Amino acid sequence: MKSGWVDADAKGVVAQGAKAGIGRDFALRLYTTRLLGRDPRLVLHGGGNTSLKECARDRFGEDAEVLRVKATGADMAAIDPQGFCAVRLDPMRKLRALDRIDDVELVAIERANLIDPAAPNPSVEMMLHAFLPHKFVDHTHATAVLSVIDQPDGEQKCADIFGRRLGFVPYLMPGFGLAKKAIEIFERDRPSDGLILSKHGIVTYGADAREAYERMIEMVSLAEDFIARNRKSFAVASRWRDPVPVAAAAPIVRGACSVKDEKTEGAWRRLVLEFRTSDAALAFFKAIDLPRVSHAGVATPDHTIRTKNWPLVLPHPEVGKLDDFARAAREAAGTFSAHYRNYFERHNARVGGIKRELDPLPRVVLVPGLGLFGLGRTKRDALIAADIAEQWIAVVADAERIGRFESISEADMFDCEYWPLEQAKLGATIELPLAGQIAVVTGAAGAIGAATAKAFAAAGAEIALLDVNPAAARAAAKAVGPTALPVECDVTDAASVRAAFDAVAENFGGVDIVVSNAGAAWQGRIGEVDEEVLRKSFELNFYGHQRVAQEAVKIMLAQGTGGCLLFNVSKQAVNPGLNFGPYGIPKAAALALMRQYALDYGADGIRANAVNADRIRSGLLTPDMIASRSKARGVSEKDYMSGNLLGREVTADDVAQAFLHQALELKTTACVTTVDGGNIAAAMR
Ligand SMILES: [Zn+2]
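Quick look at the structure, then. (Residues numbered from 1 in each chain as written. Predicted model: local features only at pLDDT ≥ 70, side-chain atom pairs only at ≥ 80, totals over all residues. Heavy atoms only, no water.)

### So, the overall build of the chain
Basically, it comes down to this: Under the scheme used here, helices are H or I runs from DSSP no shorter than 4 residues and strands are E runs no shorter than 2 residues, and both carry numbers assigned from the N terminus. Under the scheme applied here, a residue whose accessible area is under 20% of the maximum for its type counts as buried, over 50% as exposed, and between as partly exposed, the area being computed with a 1.4 Å probe on protein chains only. Surface accessibility in these figures is a Shrake-Rupley result with a 1.4 Å probe; residues are shielded only by whichever protein chains are displayed. Charge convention: Lys and Arg are scored as positive, Asp and Glu as negative, and His as well as the terminal groups of each chain are ignored. By convention, charge coordinates are those of NZ in Lys, CZ in Arg, CG in Asp, or CD in Glu.
On a plain count of helices and strands, the chain comes out with 25 helices and 20 strands. By the burial criterion, 54% of the 685 residues in the chain qualify as buried. For the chain, the exposed surface amounts to about 29,300 Å²; the carbon and sulfur share of it is 52%. Here the chain contributes 82 positive and 86 negative side-chain charges, whose respective centroids are spaced 1 Å apart.

Put into structure tokens, the structure is as follows:
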């Protein structure tokens, strides 16, 4: 590992800081924190932390010695000045006289001593930074260091590698107790470069930013060299027999890792998936004693809140034996949940029954021959779980090549997983109504499609935006959010629809809701219209819906957790317009299609509903059309658009809200919601 320090960059950060009133030390603290944060071999997702001790002026204009320390959960890679909080150092140092302190009280004392009362909470490892006397302190959970210290003889290995340059602090839960132990060992051994925190990570310190940072790089490099010199190579593994495609395995894994919501009949607690694979992961599955290491535990304690303590291990899914895989996956997931509940009950009893159980679902699933899945209530959480799972594999693989991987005890893992200060890193958990659900919208770049995608994302769903125009799909996805997936899809082409749903299953793990919205209008007097026109319209406005629904149902059945099909049938389905047969007739057939799906798949928990909307500004009803039609009728454009019983213009957002309501109505199927401001001739009967 090489130092990423570049003089010109450091100078640039200092110059930039000066313009914003930030001193040289703090600017360089930001610079090296980012250097550490950008290397996943050192820190991942809010793990690790850094600090600086200096003088700062408080709100009363008085100078005070402060500890600037990373805020809890802040990501080091892109940290800005607001990612640090400044705490008065003197009162923090005085706390050392206490034998112990309650977590809630400690946070209250920290907050009372913030220079800026509105600053976020400091890192849970703040006290360690406060007690150490050095101006700059850096702390990471470096992969190579973890491979060396997650060992039964970690202390001996550290002595061999680092000599007296690093002190060795036995495992204690992060927080006040660990900070006291660390300073005790520092004062006893006076290590020159830093400390090892057993089964947890490494601390380096220095008089300036560069010294603390480059000591970290040097120590991690020593660990890497030790591993390179001492590791046994894995036995050359034979190749896996043909695995099934990810798109076929993922919905099975996702369904197995879902639980019924006991409070609401028909509701499920679902997770979103992120798939990863690599030669290293596949070799790991072959060479390592998976049953043993999968029960060993996390690589560093704070990963427990992202990945739980253990991954779920499934059998190798072979082509032609998907049913066997599905059976085994459900059984293994059931065993995992039962084991988790048992673990919770035993340890909750130990701590006096005061904890509330988190869901028992796995957050990492290892599938030999295929790869691994990270799982989360959101795609972002799934991505984080997958990143950490990949690091866990890297740590364990090297740990096993130089010895035997050993984590902290089950009780220690429980204490971290259920430590309120760890859970606080995940932020406020307001459950959105569609959290954990995956919604596919077709015709997603159009007015109604884009509005629907946004409405479903705001309700917590992950969104795949399918559109025949890939650039327009990308633009619409960008407007929805960073995890929205744009997919090119022509619903008149069965292969294109199949490929699009495969892409969705590979990316998110499955599908729960489909808004089949793609459509276009053709006109013609029905007795004279060219058959080709009618067929073209049927391809899009009827068969398009059928192809989409068919692919969706396949995935929903593989998941076994129900689902929701929503169709845009338009007013024409029930109230034909003059010379509008080529559009209205396939739409009427689409209405019948919706009812057929409701009937045929109700027993599987799959609901089917439709929205019957009218006169929405869109690609179908363009400004030119509005101008010519209103002119033809001799009314203003405004009166034309609001020519309904309520006298209100209906918008794409109104239609989006109707789809959203249908997605949430768990006891409603085979139903049509009318969104047209009132049109008695088109009223459903
Ligand atoms: Zn740590």
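The discussion continues.
### Digging into the layout of surface pockets
Threshold: Cavity: a set of points on a 1 Å grid over the protein atoms alone where a 1.4 Å probe fits but cannot get out. Pocket: an open set with protein on both sides within 12 Å along at least five of seven lines, its lining residues, like those of a cavity, having an atom within 4 Å of a point. Grid points are joined across faces, edges and corners, and a volume is the space filled by probe spheres set on the points. Polarity classes work like this: nonpolar for Ala, Val, Leu, Ile, Met, Phe, Trp, Tyr, Cys and Pro, charged for Asp, Glu, Lys and Arg, and polar for all others, with Gly in that last group.
Considered as a void within the structure, the second largest pocket measures approximately 1,000 Å³ in volume. As for the second largest pocket, its lining consists of 42 residues, and the residues nearest its centre are Ala521, Tyr583, Ser618, Leu620 and Leu621. Breaking the lining of the second largest pocket down by element, the ones donating at least two residues are α18 (447-458), β15 (462-467), α22 (581-601) and α23 (623-633). Considering only residue class, the lining of the second largest pocket consists of 19 nonpolar, 15 polar and eight charged.

### Side note on the packing of helix α14 (residues 322-350) against helix α16 (residues 410-417)
Quick reminder of the rule: A fitted line through C-alpha atoms represents every axis, and for helices the fit uses only the stretch in contact; the resulting angles, taken between N-to-C directions, go from 0 to 180 degrees. Here roughly perpendicular refers to angles of 65 to 115 degrees, roughly parallel to angles under 35, roughly antiparallel to angles over 145, and oblique to all remaining angles. Contact definition: two residues touch when any of their heavy atoms are within 4.5 Å.
At a closest axis distance of 10 Å, the pairing of α14 and α16 adopts a crossing angle of 85°. When the axes of α14 and α16 are compared, the pair comes out roughly perpendicular. Across the interface between the two elements, Tyr340, Tyr343, Phe344, Arg346, His347, Asn348 and Arg350 from α14 touch Glu410, Ala411, Met413, Phe414, Asp415 and Glu417 from α16. The residue inventory of the contact of α14 with α16, partitioned by class, reads six nonpolar, two polar and five charged.

### Re the coordination of the zinc ion
As a reminder, the rule being used: For Na, K and Ca the donor cut-off is 3.2 Å; for every other metal, N, O and S atoms count as donors within 2.8 Å. Water does not enter the count, which can leave sites looking incomplete.
Distances from the zinc ion to its protein donors, namely Glu125 (OE), Glu125 (OE), His139 (NE2), His141 (NE2) and His200 (NE2), fall within the range 2.1 to 2.7 Å. When the donor residues of the zinc ion are listed from N- to C-terminus, their spacing reads E-x13-H-x1-H-x58-H. Accessibility expressed as a relative area gives 6% for His141, which makes it buried.

### Some thoughts on the pattern of salt bridges
Applied cut-off: Here a salt bridge means any side-chain nitrogen of Lys or Arg lying within 4 Å of a carboxyl oxygen belonging to Asp or Glu.
Tallying each qualifying case throughout the model produces 46 salt bridges. A salt bridge links Arg350 to Asp415; the shortest N-O distance between them is 3.0 Å. Of the two residues, Arg350 is situated in helix α14 and Asp415 in helix α16; the sequence distance between them amounts to 65 residues.

### Details of the nonpolar core
How we decide: Nonpolar core, defined: a set of buried Ala, Val, Leu, Ile, Met, Phe, Trp, Tyr and Cys residues in which side-chain atoms within 4.5 Å join the residues together.
Of all hydrophobic cores here, the largest spans 94 residues; its most connected members are Met127, Val148, Ile196, Phe284 and Trp392. Of the residues forming this core, the biggest block, ten residues, is contributed by helix α9 (residues 209-230). If we skip the residues at most four places from it in the chain, Val148 touches Gly154, Lys157, Cys158, Ile161, Ala223, Phe226, Ile227 and Ile402. Leu540, Val548, Ala590 and Ala598 belong to the second largest nonpolar core, which has 41 residues in total.

### So, the sheet that holds strand β17 (residues 513-516)
Which entries qualify depends on this criterion: Paired strands, as defined in this entry, are two strands with at least two bridges between them according to DSSP.
Within the open sheet, the seven strands sit side by side as β16-β15-β14-β17-β18-β19-β20. Their pairing is parallel. Here the strands that pair on one side only, and so sit at the sheet edges, are β16 (485-488) and β20 (671-675). Strand after strand, the sheet turns through a mean of 20° between neighbouring axes, direction not considered.

### Comments concerning the packing of aromatic side chains
The line we're drawing: Two rings belonging to Phe, Tyr or Trp (six-membered ring only in the last case) form a pair when the distance between their centres is within 6.5 Å. Interplanar angles under 30 degrees mark stacking, angles over 60 mark edge-to-face geometry, and anything in between is tilted. Geometrically, a charge over a ring is one whose NZ (Lys) or CZ (Arg) sits within 6 Å of the ring centre while staying within 35 degrees of the ring normal.
All chains considered together, the criterion is met by 19 aromatic pairs. By way of ring pairs, the aromatic residues Trp310, Tyr340, Tyr343, Phe344, Phe414 and Tyr418 are connected into one cluster. We note Arg68 situated over the ring of Phe26; from NZ or CZ to the ring centre the distance is 4.5 Å. Between Lys308 and the ring centre of Tyr340, over which it is positioned, the NZ or CZ distance is 4.3 Å.

### Considerations on the environment of Leu95
With respect to the element layout, Leu95 can be found in the loop between α3 (89-94) and α4 (103-112). Residue class for Leu95 comes out buried when judged on its relative accessible area of 8%. Setting aside anything within four residues of it in sequence, one finds Leu95 in contact with Ile101, Leu106, Ile109, Met127, Phe131 and Phe176.

### A closer look at the pairing of strand β1 (residues 49-57)
Here β1 lies mainly inside the structure; seven of its nine residues are buried. Of the pairings in the sheet, the one linking β1 to strand β4 (residues 136-140) comprises four bridges and is antiparallel in character. Across the sheet, the residue bridging to Thr50 is Asp138, located in β4. Judged from the seven bridges that link them, β1 and strand β2 (residues 63-70) form a sheet pairing that is antiparallel. What sits directly across from Ala56, in β2, is Ala64.

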